[in-house]
Amino acid sequence: MRTKIYILSTMLALNLSACTDIEDGTTDIDSWPAINEYTLNHPCMLHTDADFTYVKSKLTQSQSPWSEGLAKLKDSGYSNSNYTPEAQEILGRMDKTNWSAAFPDWWNNYTYFYEDAAAAYQLALRWKLENDLACGQAAVRILNEWATTCKGLVRVKSLANDRTYDPNGEIADPNEYLISINVHQIVNAAEIMRTDETLFKKDELAAFQTMVKNVFYPAASDFLAHKESCKQHSWLNWDLAQMTSILSIGILCDDQDMINEAILYFKYGVGNGCIDNAVPFLHQDPDGHGMLGQGQESGRDQGHATLCVSLMGAFCQMAYNIGEDLFAYDGNKVLAMAEYTAKYNLWKDFDDTSSTSDEKFAYRKKDFPYTYYENCSWQCPELSSQEENDKSRGEIRPCWALIYNHYKTKGLDAYYTKQFMDGMGVEGGGGHYGGTSGGFDQLGFGTLMYTRE
């Protein structure tokens, strides 16, 4: 297997006991963990053939989680076989004030990408579960449009001196790194469609693989290197976006180095994607339901705290399906983070979310366990301290069924995760949670794809 030492030397300063930098001038290479070789039995990303077989066997049951989940999928507005993609040559997600005049067609055109990613995944599910050929053809059409059209992100010659477009230059705006949130989504669609080479041909798959490796991987890998002096300055969702992107591309492309880059970062990385930084504090649940894991963005706002749960779940699910159980890593710390986030965001009544005043929630803020934390660029003195009036508390994201059902199959209690999942009802996906990016930050449809008896 090819071993790219630069992956580890730039993104990891490995220490087997903590996520810390190695002292300058040393390599510590003898203490680095072994690089794993993963066996990839495609499809093996968010879903395996066994998963599809199981779900298909349940679809004949009326008024079941699976049949209701399929109905939800079919009414999203993004799973119709007449869907038309709008692939973009250059993708941007940039600040309007600074960039709209310079790049009027590119500064915020990533909206086409997240809609097409959601559609490709939903259409791929319908093809796989219903044998709907037209949906499969539509999914392939989206993948091929992006493979042949998309050439890169907006880059400039120099942010300091020459801010004209240069395909080999610097990322123009840091917000462009957040395009990675949706990369694993469209890549998962490709992973599903690759199972029929008569529909998604080998050369088409190869073209799509080349596109995602050339367009999305370099920026994600560069971000995780965290070359700044303050390695943990960025929020957890930024790291998770890059990690899900790299892991999905690695699996799709059978690239063991990319896979290891993402998984080793979860275990030993220098930024907040490392699980010890992602969940910096553990609290015993005062109500007696196990351990609660305070997430790195719990002190920011709950819109981002819940986003971290959705991205973490997707990352761990993809790793699990290639044989790496990160759900269980470090004493099920991922479960603890989900439980903390779910408990704090639980509505008393999910049918009445018109106000985010404290009394509308099942647990009061003043009694909730929390530890102050800060780093070089931000402070989080209390829960949701960076969101005025806690206005994003109770954020509805379709991400809980994946986590609950995973731990259920292991016989582990996910008490608050289940309550949030049950309160939401049947999980939808893109098209069900608003037209802005937040409604497309996660693929959803967990009731359909992850419910297990």
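Cut-offs and rules
- Residues numbered from 1 in each chain as written.
- Predicted model: local features only at pLDDT ≥ 70, side-chain atom pairs only at ≥ 80, totals over all residues.
- Heavy atoms only, no water.
- Helix = DSSP H or I, 4+ residues; strand = E, 2+ residues; numbered from the N terminus.
- Rg over C-alpha atoms; globule rule 2.2 N^0.38 Å.
- Buried < 20%, exposed > 50% of the residue type's maximum accessible area, 1.4 Å probe, protein only.
- Phe/Tyr/Trp six-rings, centres within 6.5 Å; stacked < 30°, edge-to-face > 60°.
- Lys NZ or Arg CZ within 6 Å of the ring centre and 35° of its normal.
- 1 Å grid on protein atoms, 1.4 Å probe; cavity = no way out; pocket = protein on both sides within 12 Å on 5 of 7 lines; lining within 4 Å.
- Points joined across faces, edges and corners; volume = space filled by probe spheres on them.
- Salt bridge = Lys/Arg side-chain N within 4 Å of Asp/Glu carboxyl O.

Colleague: Could you give me a rundown of the overall build of the protein, with the residues and numbers involved?
Modeller: When its secondary structure is counted, the protein shows 17 helices and nine strands. In summary, the protein has a C-alpha radius of gyration of 21 Å against a globular reference of 22 Å for 453 residues, a match within 12%. With the C-alpha coordinates of the protein rotated into their principal frame, the extents come out at 65 × 55 × 50 Å. A total of 453 residues make up the protein; the buried ones form 59% of that total.

Colleague: Would you mind going over the packing of aromatic side chains in detail, with residue names and values included?
Modeller: By the definition in use, this model includes 27 aromatic pairs. Aromatic rings pair up to connect Tyr-78, Tyr-83, Tyr-110, Tyr-114 and Phe-440 into one cluster. Sitting over the face of the ring of Tyr-363, Lys-343 holds its NZ or CZ atom 4.6 Å from the ring centroid.

Colleague: Can you lay out empty space enclosed by the protein for me, pointing to particular residues and giving the numbers?
Modeller: In total, this model carries four cavities of 30 Å³ or more according to the counting rule given. When its volume is computed, the largest cavity comes out at roughly 160 Å³. If you trace the largest cavity, you find 18 residues lining it, with Ser-310, Ala-314, Leu-402, Leu-443 and Gly-444 closest to the centre. Elements supplying a minimum of two residues to the lining of the largest cavity: helix 13 (302-320), helix 15 (400-409) and helix 17 (446-450). A total of five residues in the lining of the largest cavity trace back to one element, the largest contributor, which is helix 13.

Colleague: Before we move on, could you go through the layout of surface pockets and cite the residues and values that matter?
Modeller: For the largest pocket, the calculated volume is near 310 Å³. Forming the boundary of the largest pocket are 16 residues, of which Pro-174, Tyr-177, Phe-223, Glu-228 and His-233 lie nearest the centre.

Colleague: Residue-level account of the pattern of salt bridges, with values.
Modeller: Applying the stated criterion across every chain, the model contains 24 salt bridges. Close ionic contact of Arg-393 with Asp-358 constitutes a salt bridge, the shortest N to O distance being 2.6 Å. Highlighted residues: Arg-393 in the loop between strand 9 (379-380) and helix 15 and Asp-358 in the loop between helix 14 (329-345) and strand 8 (373-374), separated in sequence by 35 residues. One continuous salt-bridge network, built from bridges that share partners, spans Lys-74, Arg-126, Glu-130 and Asp-132.

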